[in-house]
Amino acid sequence: MALNADTIAALAERLEACQLEVRDTHKITDDFPEMDFQDAYAVQAELLRRKLARGRKLAGLKAGLTSFAKMKQMGVTSPVFGFMTDDYLVPHGGEVTTAELIHPKVEPEIAFVLKKALTGPGCHIGAVLEATEFVLPGIEVIDSRYRDFKFDLKSVIADNTSAARFVVGGQPLRPSGIDLRTVGIVMEKNGEPVAFGAGAAVVGHPATAIAMLANQLGARGESIPAGTLILSGGITEAVSVAAGDHVALHVQGMGSTSLRFV
Ligand code: 0L1
Ligand code: MG
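Note that the structure is predicted; figures quoted are calculated from it, not measured. (Residues numbered from 1 in each chain as written. Chains lettered and ligands numbered in written order. Predicted model: local features only at pLDDT ≥ 70, side-chain atom pairs only at ≥ 80, totals over all residues. Heavy atoms only, no water.)

A.B. asks: Is there a simple way to explain the site of ligand 1 in this structure?
C.D. replies: Around ligand 1 sit Lys62, Gly64, Leu65, Lys70, Glu107, Glu140, Ile142, Phe149, Phe151, Val156, Thr161 and Ser162, and those are all the residues in its vicinity. Here an oxygen atom of ligand 1 sits 2.9 Å away from a polar atom, N or O, in the side chain of Glu140. A distance of 2.6 Å separates an oxygen atom of ligand 1 from a polar atom in the side chain of Ser162. Burial of ligand 1 by the protein amounts to 97% of the accessible area it has alone, namely 300 Å². If you list the elements that add at least two residues to the shell around ligand 1, you get strand S1 (58–64) and strand S5 (132–142). (Near = heavy atom within 4 Å. Polar contact = N/O pair within 3.5 Å; in protein donor to acceptor, adjacent residues only side chain to side chain. Areas by Shrake-Rupley, 256 points an atom, 1.4 Å probe, with all protein chains shown as cover. Helix = DSSP H or I, 4+ residues; strand = E, 2+ residues; numbered from the N terminus.)

Following this line, the structure appears as structure tokens:
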């Protein structure tokens, strides 16, 4: 690691203040170009520690930068990982207060809920599918704390991969009942289709993103516990939203979920 504990804590405080006060900032690598990936995840862990200390509960985990298009755009070959706390959870069909966010965007995703813990290294699609209780549609609301969504990989990891809100709903399905590579999705904004795709856009198979998360956690001696909800990552580019917008995600064979920006 290149940064000391005080700097990590100060960076987490800065990013959390932006989130709570709904204002943006420049990317943190502008100030600390020497920071490494361990530092970036340490800032993210400190953000989680601060939220838990204030009484928030962990509500799930997420993979980000998962679509091949977005990875190419960012010049990366592997997803990034983050967390969601209970205040990020929007009820199925519920409302998001847009004034609490800086410049929100939505992403169509497949959510996994585990019945068994997953431990890497060595985790693969087969282990993920065997450990999954069900999958269901999910919409992630991302809201980078960086000005104009301009960041590099380390800065965005530290900013908890832009996580802000999420909704899950629709028809939970056992993973054996569906081919997650070919499952089709349509996301609508105000009744108009704005994003189309198939599960394979997420690193070839959405379960691969979950295996990569298990392997990354395994490298530092951690597992994904049974019962964890995980967003496997955006199937398409994110779509900008504003107050008044209604967003619905339809996933083939899994029904729909939606939310409204007020
Ligand atoms: O969930 C995501 O794919 C977002 C990852 C961070 C990059 C961004 O904010 O676009
Ligand atoms: Mg996402």
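A.B. asks: I tried to follow the coordination of the magnesium ion (ligand 2) on my own but got confused; where do I start?
C.D. replies: Ideal values differ by geometry: the angle at a metal is 109.5 degrees with four tetrahedral donors, but 90 or 180 degrees with six octahedral donors. Taken together, Glu107 (OE), Glu109 (OE) and Glu140 (OE) make up the full set of protein donors to the magnesium ion (ligand 2), lying 2.0 to 2.1 Å away. Linear spacing of the donor residues for the magnesium ion (ligand 2) on their chain is E-x1-E-x30-E. Across the pair, Glu109 and Glu107 agree in class, each one buried. (Donors = N, O, S within 2.8 Å, 3.2 Å for Na, K, Ca; no water. Buried < 20%, exposed > 50% of the residue type's maximum accessible area, 1.4 Å probe, protein only.)

A.B. asks: So what exactly am I meant to see when it comes to the sheet that holds strand S12 (residues 255–261) here?
C.D. replies: Neighbouring strands of a sheet are bound in pairs by backbone hydrogen bonds; such pairs are parallel or else antiparallel. Read across the open sheet, the 5 strands follow the order S3-S12-S11-S7-S8; overall the sheet is mixed. Two strands bound the open sheet, and with one partner strand each, they are strand S3 (95–96) and strand S8 (192–198). Bridging between strand S7 (residues 184–189) and strand S11 (residues 246–251) involves 5 bridges; their strand directions are antiparallel. Following the sheet pairing, Lys189 is matched in S11 by Val247. (Pairing = 2+ DSSP bridges.)

A.B. asks: How do you make sense of the environment of Ala12 when you look at a structure like this?
C.D. replies: For Ala12, the position within the fold is in helix H1 (residues 5–21). Overall, the relative accessible area of 0% leaves Ala12 in the buried class. Separated by 68 residues in sequence, Ala12 and Val80 have C-alpha atoms that sit 17 Å apart. Beyond its immediate stretch of four places on either side in the chain, Ala12 contacts Val43, Glu46, Leu47 and Arg50. (Contact = heavy atoms within 4.5 Å.)

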